[in-house]
Amino acid sequence: MLAIAIVSAGIDAYISNRKQHTERTMSCWSVGVDLTEVNRIRTLIERYGDRFLNRVFTSSEIEYCKNKRQGSAQSFAARYAAKEAVFNSTGLGLRTDMR
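Notes on the structure follow. (Residues numbered from 1 in each chain as written. Predicted model: local features only at pLDDT ≥ 70, side-chain atom pairs only at ≥ 80, totals over all residues. Heavy atoms only, no water.)

### A short note on the nonpolar core
Part 1: Of all hydrophobic cores here, the largest spans 17 residues; its most connected members are Ile41, Phe52, Leu53, Phe57 and Phe76.
Part 2: Within the residue set of this core, elements represented by two or more residues are β1 (2-17), α1 (38-48), α2 (50-56), α3 (59-66) and α4 (72-90).
Part 3: Take this core: its biggest share by element is 6 residues, from α4. (Core = buried A, V, L, I, M, F, W, Y, C linked by side-chain atoms within 4.5 Å. Buried < 20%, exposed > 50% of the residue type's maximum accessible area, 1.4 Å probe, protein only. Helix = DSSP H or I, 4+ residues; strand = E, 2+ residues; numbered from the N terminus.)

### Considering the packing of aromatic side chains
The relation between two aromatic rings is expressed through the spacing of the ring centres and the mutual angle of the planes.
Part 1: All told, the structure shown has 2 aromatic pairs when counted by the stated rule.
Part 2: On the basis of an interplanar angle of 85° and a centroid distance of 6.2 Å, the ring pair of Phe52 and Phe57 is categorised as edge-to-face.
Part 3: Classification of Phe57 by relative accessible area gives buried; the value is 1%.
Part 4: Ring geometry for Phe57 versus Phe76: centroids 5.0 Å apart, planes at 50°, classification tilted. With Phe57 in the loop between α2 and α3 and Phe76 in helix α4, the pair connects residues that are 19 residues apart, well separated along the chain. (Phe/Tyr/Trp six-rings, centres within 6.5 Å; stacked < 30°, edge-to-face > 60°.)

Distances and angles like these do not, on their own, reveal function.
Take a look at the structure:
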């Protein structure tokens, strides 16, 4: 089973060229897509427990996912995929704290 996330992000950038004395604002749109295997997230939770959860998710996300009926691994995988898709669309990657 896979969790899928597709995210679109808009970024406004201010560009200044001092040599040519020009300034402009530029808008960029990007799309991020991520697929996450539910079993992979389930294995990480079983192996590392709260250490993994606290590193990747906020306390509110952890509480929400643990209370879901369909199983917390699916909920965690969906949120993980969404976060990865955001990082992909903004170009930040895993350099940033996921929480």
